[in-house]
Amino acid sequence: MPVMTAARRLWQVIEPVHAVLYFAPELTTAATESGLASHGSTYFACRAAPLGQATAALVTAVFYGFSPTRVIRSVPSMWELIDPATALQLRTSVADAALRRLLGPATANPMIARAAELAGRAVDGAETAGRPLAAANAAVEVAAGDAHVLLWQALTTLREHRGDGHCTALVNAGIGPCEAHVLRAGSGAAEPEFLRTSRGWSQQEWADAAEQLRIRGWLSSDGLLTTSGNEIRDAYESDTDRLAASPFEKLGPDRTEELQAILRQLATAIVAAGGVPVERGLGSPWPPLESR
């Protein structure tokens, strides 16, 4: 299993705070009003908005894990319903409302302002060359004001910074988008059918990816990772951690530990309030593990 690095520990507490956007009932309401919900494009519009009016090819490339067929059902036609600037405003307002609902009076706690400051410093220290989603999110301007909103945007940037690095690690390992999900399912970290359908892969594409992994000796006939499969997964997860480290190395160990402690309190409260699902494969890496 990968060593529990500072970057991995931060990921475990960043993800639940960031993910409130996608599971918020406020987002469902806003998406229904805009037409995104019936179009099946809520996630794509919110996540791709920092990239501008992105094409299907660009979204497929930078999101990595989605079937091109699934992406093209939403992109670029979703931009006829909502422009990127409006989508940015929508996701910010939803994150604001969701965090106020989930955290209540705690949104005014000075620790959130401190976390926003520390997360902002981490973003300033993040290397964004070759990381399109991190770079695009780092350039998003959020009006000075409520600390929890500033914090959410900073954590989203750090989350996408890690995600960009994860895609690089997968490419370096020679693992394709569908194969990455088959490997994850084979590790027991998520339900195969959920991963397949939520990312838009056909049964045949999934079966073909599984066959390629079996040929490489990484997947057994019953769909579980072999010893070699576990080794390659540990290797690219460790590479992901390495590539995610720069923001926290520049923040420094003491400030990184302080940020982690605050975020753990916030993530605990969010999970307890039902802000994100915790079933395996459906939401965030929670509760934090000693190693994954």
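These remarks concern the structure in this document. (Residues numbered from 1 in each chain as written. Predicted model: local features only at pLDDT ≥ 70, side-chain atom pairs only at ≥ 80, totals over all residues. Heavy atoms only, no water.)

Some remarks on the overall build of the protein
Link 1 in the chain: Of regular secondary structure, the protein possesses 17 helices and zero strands.
Link 2 in the chain: A buried classification covers 51% of the 292 residues belonging to the protein.
Link 3 in the chain: Sequence-distant contacts, at least 24 apart, represent 77% of the contacts inside the protein between residues at least 6 apart.
Link 4 in the chain: For the protein, the computed accessible surface area is about 12,700 Å², with 54% contributed by carbon and sulfur atoms.
Link 5 in the chain: Taking the average place of the 25 positive charges on the side chains of the protein and the average place of its 31 negative ones, the gap between the two points comes to 2 Å. (Helix = DSSP H or I, 4+ residues; strand = E, 2+ residues; numbered from the N terminus. Buried < 20%, exposed > 50% of the residue type's maximum accessible area, 1.4 Å probe, protein only. Contact = heavy atoms within 4.5 Å. Areas by Shrake-Rupley, 256 points an atom, 1.4 Å probe, with all protein chains shown as cover. Lys, Arg positive; Asp, Glu negative; His and termini not counted. Charge placed at Lys NZ, Arg CZ, Asp CG, Glu CD.)

Overview of the environment of valine 182
Link 1 in the chain: Within the secondary structure, valine 182 is located in helix 12 (residues 177-186).
Link 2 in the chain: Residue valine 182 is classed as buried on the basis of its relative accessible area, which comes to 4%.
Link 3 in the chain: Between the C-alpha atom of valine 182 and that of threonine 157, which follows or precedes it by 25 residues, the distance is 27 Å.
Link 4 in the chain: In this view, valine 182 contacts Trp206, Ala209, Ala210, Leu213 and Leu219; residues no more than four positions away in its chain are not counted.

Considering the environment of arginine 214
Link 1 in the chain: By the element assignment, arginine 214 lies in helix 14 (residues 203-215).
Link 2 in the chain: According to the relative accessible area criterion, arginine 214 is partly exposed, its value standing at 31%.
Link 3 in the chain: It is 9.2 Å that separates the C-alpha atoms of arginine 214 and leucine 225, two residues lying 11 residues apart in sequence.
Link 4 in the chain: Among residues more than four places away in sequence, those in contact with arginine 214 are Ala207, Leu219, Ser220 and Ser221.

Focus: the packing of aromatic side chains
Link 1 in the chain: Taken as a whole and assessed by the stated rule, the structure comprises seven aromatic pairs.
Link 2 in the chain: When the centroid spacing of 5.0 Å and the interplanar angle of 50° are considered together, the rings of tyrosine 22 and tyrosine 43 count as tilted. Highlighted residues: tyrosine 22 in helix 2 (residues 20-23) and tyrosine 43 in helix 5 (residues 42-48), separated in sequence by 21 residues.
Link 3 in the chain: The interplanar angle of 55° and the centroid separation of 6.3 Å between the aromatic rings of phenylalanine 63 and phenylalanine 66 together place this pair among those described as tilted.
Link 4 in the chain: With a relative accessible area of 6%, phenylalanine 63 lands in the buried category.
Link 5 in the chain: Note on phenylalanine 66: relative accessible area 11%, which makes it buried.
Link 6 in the chain: Taken together, the aromatic side chains of Tyr22, Tyr43, Phe44, Phe63 and Phe66 make up a single cluster linked through ring pairs.
Link 7 in the chain: In this structure, arginine 47 packs its charged tip against the face of phenylalanine 63, placed 4.3 Å from the ring centre.
Link 8 in the chain: Here the basic side chain of arginine 199 rests over the ring of phenylalanine 66, its NZ or CZ set 5.9 Å away from the ring centre. (Phe/Tyr/Trp six-rings, centres within 6.5 Å; stacked < 30°, edge-to-face > 60°. Lys NZ or Arg CZ within 6 Å of the ring centre and 35° of its normal.)

Everything listed here is a matter of coordinates, which is why it stays silent on function.
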